[in-house]
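Listed below are the residues making up each chain.
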Amino acid sequence: MDGEKQLNLKQTMRPIVDLARVYALKHRIFETNTTSRLEVLQERGVFTEKEALELTHAFEYLMNLRLENQARSILDKKLKPKNYLRIKELTKVQQVTLIEIFKVIKEFQARIKLSFTRSL
């Protein structure tokens, strides 16, 4: 297992959490839940409905993958829950979905960079 490629699911979710947090702070939104923040940001026009849905779906997909992985560790392997998932355990559909999620994250990271450096 040492040389196997693994994905840290918690770290993979962090850019979405941080994005929602930064925009929430900028727009004085005091929600603490990531999906709630995204919803309010959409309501305030910071994100379009499609953008908010993309981020929410990406976040929820990653969270579900993380929880499934942790449940498998506990129930099947009798191990402590972990945030690492071996890449070889992913299905083709999961791999393609993750690639698309990474694209969405990259686009929003570019947007946040523009949004916050432009005003300096």
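Scoring rules and cut-offs
- Residues numbered from 1 in each chain as written.
- Predicted model: local features only at pLDDT ≥ 70, side-chain atom pairs only at ≥ 80, totals over all residues.
- Heavy atoms only, no water.
- pLDDT = per-residue confidence, 0-100.
- Helix = DSSP H or I, 4+ residues; strand = E, 2+ residues; numbered from the N terminus.
- Salt bridge = Lys/Arg side-chain N within 4 Å of Asp/Glu carboxyl O.
- Buried < 20%, exposed > 50% of the residue type's maximum accessible area, 1.4 Å probe, protein only.
- Core = buried A, V, L, I, M, F, W, Y, C linked by side-chain atoms within 4.5 Å.
- Contact = heavy atoms within 4.5 Å.

1. Regarding the confidence of the model for the protein
Chain-level statistics for the protein give a pLDDT mean of 93 and a share of 96% at 70 or above. Strand E2 (residues 84–86) is the least confidently modelled element of the protein, averaging 92 in pLDDT, while helix H2 (residues 34–43) averages 98, the highest of any element.

2. With respect to the pattern of salt bridges
Per the counting criterion, the structure on display carries seven salt bridges. In this structure, Arg-21 and Asp-18 form a salt bridge, with 3.3 Å as the shortest nitrogen-oxygen distance. One end of the pair is Arg-21 and the other is Asp-18, both in helix H1 (residues 9–26) and three residues apart, which spans about a single turn. You can call Arg-21 partly exposed: its relative accessible area is 36%. Taking the shortest distance from any N to any O, the salt bridge between Glu-89 and Lys-77 comes out at 3.6 Å. With Glu-89 in the loop between E2 and helix H4 (92–117) and Lys-77 in the loop between helix H3 (49–75) and E2, this pair connects stretches of sequence that are 12 residues apart. A relative accessible area of 34% places Lys-77 in the partly exposed class.

3. Structural notes on the nonpolar core
The biggest cluster of nonpolar side chains holds 29 residues, and the ones touching the most others in it are Ile-16, Leu-19, Tyr-23, Phe-47 and Leu-55. Listed by contribution, the elements that provide at least two residues to this core are H1, H2, H3 and H4. The element that contributes the greatest number of residues to this core is H1, accounting for eight residues. With residues near it in sequence (within four places) discarded, Phe-47 still touches Leu-19, Tyr-23, Leu-38, Leu-41, Gln-42, Ala-52, Leu-55, Phe-108 and Arg-111.

4. Structural notes on unusual backbone geometry
In this structure, Arg-28 is a non-glycine residue whose phi angle is positive, near 55°. Considering the arrangement of structural elements, one finds Arg-28 in the loop between H1 and H2. Positive phi values are uncommon outside glycine, yet Lys-78 reaches one of about 55°. By the element assignment, Lys-78 lies in the loop between H3 and E2. Residue Lys-78 is classed as exposed on the basis of its relative accessible area, which comes to 67%.

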